[in-house]
Amino acid sequence: MTGAADGLLVSRDLSKRFGGLVAVDSLDMAVRPQEILGLIGPNGSGKTTFFNVVTGIYPTSGGVVEFDGKDITDFSPQAVYRAGIARTFQRSRLSLSLSVFDNVMVGNHMRLDQGLWFNLIARKDFKRQFEENFERARDLVKVFDPLLADRMFEAVGTFPMIDRRRIEICRALISRPKLLLLDEPSAGMTHDETKELMDDLLEIKGRLEDLTIIIIEHEMGVIERITDTCVVLNFGQKICEGPYQEVAEDKLVQEAYLGIQ
Amino acid sequence: MSRARAVFAVLLPGIGSAVAVTVYVILLLAVESQAAIAALLVAGVIVVLAAARFGGMARIGRSFAERENAMNLVIVLAVLAVTGFFYEDHFVLLLMATVIIYVIACLGLNLQFGYAGTLNFAGAAFFGVGCYTAAVLTKHTAMPHLLILVAGGVMAAVIGSLLILPVLRTRSHYSAVVTIAFALLFKIFLEVNDTLGGPQGLPVDGMNVLGWEFNDNIEIGEDFEVAFYVNYIVVGLIVLALAFTFVRRLERSWVGLNLDALRLDETAAACFGLNITRWKITAFTLGNFLTGVAGALYAMMLGFIAPTNFTFGDSLILVSIILLGGIGNPWGLVVATTILIILPEKLQVIQEYRFLLFGAMVILILLFRPEGLLPRPLRTYLPGWQPK
Ligand SMILES: Nc1ncnc2c1ncn2[C@@H]1O[C@H](COP(=O)(O)OP(=O)(O)OP(=O)(O)O)[C@@H](O)[C@H]1O
Ligand SMILES: [Mg+2]
């Protein structure tokens, strides 16, 4: 068991019920700083719900979430973001009619000056901030794909899925969060595209040393390759945790998940 | 030299179309025979469709996108040219001033619906709040009239935010229900309220700025007289220019991005720190302010207001202008307002059936061109800006 003391994100006895359905069931879990943790489990085992509860989209039904030593249980999504947690969504939630730059900038909300005076009257200052942020956004996108970085002012709807996934990850990373939550970043992509995206992700991880990642993923190849440790859920309960190799050999896990397709 | 030529090449389609539209509008407004008007309308539609078919519209759009300030100036000059042509025609000038004032009101609605996605079915009622504010203040106080314009905006903004505050926290379309209720109640409230003139309405003083009486015809020399509506057209254009700049800057800022983001996906926006309620209230309040200012100006121009000016049907017309013009595109509003205000006045057959016709128009637009006559282009921040 991981102690609460050395966890960046810690959940204790965390539960989420939808009516009679227990989607997350008394979950104890901890992510150590700077690691990549794989959250795996069969369909409907409560992985996405865990993210939604942590990020304040759903209220908890019981238990505690701590982040960076602070209790963030039932914080609003806004407060969770300001605390330093950013996420992507299982079904990509970009604004397709907005440009790449716009979408990435939404993720940078807390670093942008939101005052009416600044935005409407002090247009010189606005221009400076705009240019700074354009550079920053373009540099980040460039890590994923230099071609994409040349098309910052095109509508996201005109890009294929792999680019959308990249943009969504950039939107989450632009504010330099401490913890990144990735919900099936490879969904809807081919094998090669997935590999490419994971390369990019590892590169980013190398540059941003402080970054901690929780990744939900169905492709075991991905999990094996990039995670330091895994947590396996089944019916909302943690049934196993440890490095991928150990987890993959676990009897319970094989029964619940790997063996049966 | 070659740079100047390049600029000119970009501007040419825009200026050319502005001149053509100016001549066309003058013709349309000058002609009286119903058959001639109908023929002009058909010809206009055909020319526009043909221009769109052969890429002319795209080139005109480029003029506006790349040389925005120059094109804004061209449009103002075009309006002044039409004004000059009809300098003593009260009917036409009133129509033009009405279009200008309605565009200001619709800019407000556009902020609310086009950007923040908050439906406001009480546009005419908030316009009416501005009107009645002007009526009461011109009658009972010595407040300078330009300040009364501001006061009309503030009243509409305050009443609007009190009304909408409780429902903006909820999702879905409660704002539609609340504003419909307000639109209906507003007229009834005016009719039973004797201090506000009841069903007969109230007189409003004409505008007076530094001794200049707006409701007197302007006499130049011995026997040259310009209709007083020109005063209102000029002030209306100034207010419109300010409102237009305001809305444009708002759109092209982080605030505009916030509004677009929360309209398109509230949940995702919230996960990146956007305070949904704060930005919706901001858009609703600022939008109502513009609508209220427009109302105050309108009341001073008409000199008399009554509850029948502010029916639910009038609110629906404002909403249909937004849908028709192109949601979120200020230039679309200008085009749509011009069509929707001038058409029924010139083509009398329509007058009686105008609600039916507008309804049909909105349905057709929603079915076949949901982005409106002039679809909103991609967001920009600094016009003409290019990455290094
Ligand atoms: N908003 C909701 N209302 C009711 N039930 C829900 C809701 N969200 C999730 N559930 C249920 O909770 C359970 C867990 O769902 P969740 O989406 O967390 O699973 P998951 O592990 O992410 O699955 P997948 O791998 O398919 O994405 C499922 O049975 C699901 O139907
Ligand atoms: Mg899921």
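This text follows the structure it describes.
A look at the sheet that holds strand S4 (residues 62–67) of chain A
Residues and elements named next belong to chain A. Taken in spatial order, the 4 strands of this open sheet run S2-S1-S4-S5, and their pairing is antiparallel. Strands at the two margins of the open sheet, each flanked by one partner only, are strand S2 (21–31) and strand S5 (70–71). Examined bridge by bridge, strand S1 (residues 9–18) and S2 share 7 bridges and lie antiparallel to one another. Each residue of the ladder has a partner; that of Phe-18, found in S2, is Leu-21. Together, S1, S2 and S4 form the strand contacts of helix H1 (residues 47–54), whose direction differs from that of S1 by roughly 110°.

Let's talk about the interface of chain A and chain B
With 41 residues of chain A at the interface, the matching set in chain B holds 33 residues. Arg-93 of chain A is the salt-bridge partner of Asp-265 of chain B, the closest N and O atoms lying 2.8 Å from each other. Taken together, the links from chain A to chain B amount to 14 residue pairs in polar contact (both at pLDDT 80 or more). Elements represented by at least two residues in the side of chain A that touches chain B include exactly helix H2 (77–83), strand S6 (85–87), helix H3 (100–106), helix H4 (116–120), helix H5 (123–144) and helix H7 (161–173) of chain A. With 9 residues, the single largest contributor to the side of chain A that touches chain B is H5 of chain A. Here the residues of the side of chain A that touches chain B are counted per class, giving 20 nonpolar, 10 polar and 11 charged.

Some points on the site of ligand 1
Residue and element names in this part refer to chain A. As a structural note, the neighbourhood of ligand 1 is formed by 15 residues, with Asn-43, Lys-47, Thr-48, Thr-49 and Gln-90 the closest of them. With respect to ligand 1, the backbone of Ser-45 contributes an N or O atom lying 3.2 Å from an oxygen atom. Separating an oxygen atom of ligand 1 from a side-chain N or O atom of Gln-90 is a distance of 2.8 Å. Relative to its unbound accessible surface of 630 Å², ligand 1 loses 65% to contact with the protein.

Examining the environment of Val-82 of chain B
Residues and elements named next belong to chain B. Mapping Val-82 onto the fold places it in helix H4 (residues 68–85). In this structure Val-82 comes out as buried when scored by relative accessible area, which is 7%. Each C-alpha atom of the pair Val-82 and Val-25 lies 7.8 Å from the other, and the pair is 57 residues apart in sequence. Not counting the four nearest positions on each side in its chain, Val-82 is found in contact with Thr-22, Val-25, Ile-26, Leu-29 and Met-96.

Description of a nonpolar patch on the surface
Residue and element names in this part refer to chain B. Together, Leu-73, Val-76, Leu-77, Leu-80, Val-234, Ile-238 and Leu-242 line one region of the surface with nonpolar side chains, adding up to about 630 Å² of accessible area. Secondary-structure elements contributing two or more residues to the nonpolar patch are H4 and helix H9 (229–251). When residues of the nonpolar patch are assigned to their parent elements, the largest contribution, 4 residues, is made by H4. Counting through the fold element by element, Leu-73 comes out in helix H4. Look at Leu-73 and you get exposed, because its relative accessible area is 54%.

Description of a negative patch on the surface
Residues and elements named next belong to chain B. A surface patch of negative charge is lined by Glu-88, Glu-213, Asp-216, Glu-219 and Glu-225. Structurally, the position occupied by Glu-88 is in the loop between H4 and helix H5 (90–115). Under the relative-accessibility criterion, Glu-88 is labelled exposed at 54%.

Focus on unusual backbone geometry
With a phi angle near 60°, Asp-74 of chain A is a residue other than glycine that sits in the positive phi range. Structurally, Asp-74 of chain A is set in the loop between S5 and H2.

Looking at the nonpolar core
Among the nonpolar cores identified, the biggest contains 168 residues, and Phe-101 of chain A together with Leu-107, Leu-111, Phe-127, Trp-254, Leu-259 and Ile-305 of chain B are the most heavily contacted of them. No other element matches the 17 residues that H5 of chain B contributes to this core. Dropping the residues within four chain positions of it, Ile-305 of chain B is found in contact with Cys-131, Tyr-132, Ala-135, Gln-200, Gly-201, Leu-202, Val-204, Ala-299 and Phe-310 of chain B. Ranked by size, the runner-up nonpolar core spans 25 residues in total, among them Leu-8, Val-31, Leu-39 and Ala-83 of chain A.

Focus on the coordination of the magnesium ion (ligand 2)
All names here are of chain A. Of the protein atoms, only Thr-48 (OG1) and Gln-90 (OE1) coordinate the magnesium ion (ligand 2), at distances of 1.8 to 2.1 Å. Linking Thr-48 in helix H1 with Gln-90 in the loop between S6 and H3, this pair joins segments that are 42 residues apart in sequence. Assessed through its relative accessible area of 24%, Thr-48 is described here as partly exposed.

Regarding the pattern of salt bridges
Applying the stated rule across the entire model yields 29 salt bridges over all chains. We note a salt bridge from Arg-128 of chain A to Asp-125 of chain A, for which the minimum N-O separation is 3.3 Å. Highlighted residues: Arg-128 of chain A and Asp-125 of chain A, both in helix H5, separated by 3 residues, approximately one helical turn. By relative accessible area, which is 33% here, Asp-125 of chain A ends up partly exposed. With its nearest N and O atoms 3.5 Å apart, the salt bridge here joins Lys-139 of chain B to Asp-205 of chain B. Of this pair, Lys-139 of chain B sits in helix H6 (residues 123–140) while Asp-205 of chain B sits in the loop between strand S1 (202–203) and strand S2 (208–209), and the two are 66 residues apart along the sequence. Judged by its relative accessible area of 44%, Lys-139 of chain B is partly exposed. Several salt bridges share partner residues, and in doing so they unite Asp-102 of chain A together with Glu-68, Arg-248, Glu-251, Arg-252, Asp-260, Arg-263, Arg-376 and Arg-379 of chain B into one network.

So, the packing of aromatic side chains
Two aromatic rings, taken as a pair, are described by how far apart their centres are and by the angle between their planes. Across all of its chains, the model carries 30 aromatic pairs over all chains by this definition. Each ring, one from Phe-126 of chain A and one from Tyr-381 of chain B, has its centre 6.4 Å from the other, and the planes form 25°; the classification is stacked. Highlighted residues: Phe-126 of chain A in helix H5 and Tyr-381 of chain B in the segment after helix H15 (348–368), drawn from two different chains. Phe-126 of chain A sits in the buried class, given a relative accessible area of 0%. Centroid distance Phe-153 of chain A to Trp-385 of chain B: 6.1 Å. Interplanar angle 75°. Geometry classified as edge-to-face. Taken as a pair, Phe-153 of chain A in the loop between helix H6 (146–149) and H7 and Trp-385 of chain B in the segment after H15 lie in two separate chains rather than in one. On the basis of relative accessibility, which here comes to 18%, the residue Trp-385 of chain B falls in the buried class. Feature note: the residues Phe-101, Phe-118, Phe-126, Phe-130, Phe-134 and Phe-153 of chain A together with Trp-254, Tyr-381 and Trp-385 of chain B constitute an aromatic cluster, connected by ring pairs. Over the ring of Phe-89 of chain A we find Arg-93 of chain A, and its NZ or CZ is 5.3 Å from the ring centre. Stacked on the ring of Phe-54 of chain B, the Lys or Arg Arg-53 of chain B has its end atom at 5.7 Å from the ring centre.

Considerations on the sheet that holds strand S7 (residues 179–183) of chain A
Residues and elements named next belong to chain A. Spatially, the 6 strands line up as an open sheet ordered S6-S7-S8-S3-S9-S10, and their pairing is mixed. Two strands in the sheet have a free side with no partner beyond their single neighbour: S6 and strand S10 (237–242). Sheet twist, expressed as the average angle between the axes of neighbouring strands with direction ignored, equals 20°. Pairing geometry for strand S3 (residues 36–40) and strand S9 (residues 229–234), over 4 bridges, is parallel. Its bridge partner lying in S9, Ile-40 is registered against Val-232. Lying on the sheet, H7 is in contact with S6 and S7; it crosses S7 at an angle near 155°.

What about the environment of Ala-156 of chain B?
In this fold, Ala-156 of chain B is placed in helix H7 (residues 145–168). The contact partners of Ala-156 of chain B, leaving out residues within four places of it in the chain, are Phe-126, Val-129, Asn-288 and Gly-292 of chain B.

Calculation rules
- Starting afresh in each chain, residues are numbered from 1 along the sequence in its written order.
- Chains and ligands are labelled by the order in which they are written, letters from A for the one and numbers from 1 for the other.
- The model is predicted, so local features are restricted to residues of pLDDT at least 70 and side-chain atom pairs to those at 80 or more, both for listing and for counting; the totals for chains, interfaces and linings are taken over all residues.
- Here the side-chain values reflect all heavy atoms present in the structure, with hydrogen atoms and water set aside.
- We treat two strands as partners when DSSP finds at least two bridges between them.
- Secondary structure counts use DSSP, requiring at least four H or I residues in a row for a helix and at least two E residues in a row for a strand, with both numbered from the N terminus.
- For this analysis, residues touch if any pair of their heavy atoms sits within 4.5 Å.
- Only the stretch in contact is used when fitting a helix axis, every axis being a line fitted to C-alpha atoms; angles between N-to-C directions are given from 0 to 180 degrees.
- Throughout this description, the term salt bridge denotes a Lys or Arg side-chain nitrogen within 4 Å of a carboxyl oxygen of Asp or Glu.
- In the analysis that follows, any N or O atom pair within 3.5 Å is treated as a polar contact, provided that within protein one partner can donate a hydrogen and the other can accept it, and provided that, for residues neighboring in sequence, both atoms belong to side chains.
- All amino acids are sorted into three groups, where Ala, Val, Leu, Ile, Met, Phe, Trp, Tyr, Cys and Pro are nonpolar, Asp, Glu, Lys and Arg are charged, and the leftover types, Gly among them, are polar.
- A cutoff of 4 Å decides nearness: a residue is near a molecule or strand if any of its heavy atoms lies inside that distance of it.
- Accessible surface is estimated by sampling points in the Shrake-Rupley manner with a 1.4 Å probe; for residues, cover comes only from the protein chains shown.
- Note on exposure labels: buried denotes an accessible area under 20% of the residue type's maximum, exposed denotes more than 50%, and partly exposed covers the range between, all computed with a 1.4 Å probe on protein chains only.
- Nonpolar side chains (Val, Leu, Ile, Met, Phe, Trp, Tyr) are joined into patches within 5 Å and like charges within 9 Å, using only residues with over 30% relative accessible area and no salt bridge.
- Counted charges follow a simple rule, with Lys and Arg positive, Asp and Glu negative, and His plus the chain ends left uncounted.
- Where a charge lies is defined by one atom per residue type: Lys uses NZ, Arg uses CZ, Asp uses CG and Glu uses CD.
- Here, nonpolar core means buried Ala, Val, Leu, Ile, Met, Phe, Trp, Tyr and Cys residues that are tied together by side-chain atoms lying within 4.5 Å of each other.
- Note: metal donors comprise N, O and S atoms at 2.8 Å or less from the metal (3.2 Å for Na, K and Ca); water molecules are not included, so apparent gaps in a site are possible.
- Ring geometry is summarised as follows: Phe, Tyr and Trp rings, the Trp one being its six-membered ring, pair when their centres sit within 6.5 Å, and such pairs are stacked at plane angles under 30 degrees, edge-to-face over 60 and tilted between the two.
- Charge over a ring is defined by NZ of Lys or CZ of Arg lying within 6 Å of the ring centre and within 35 degrees of the ring normal.

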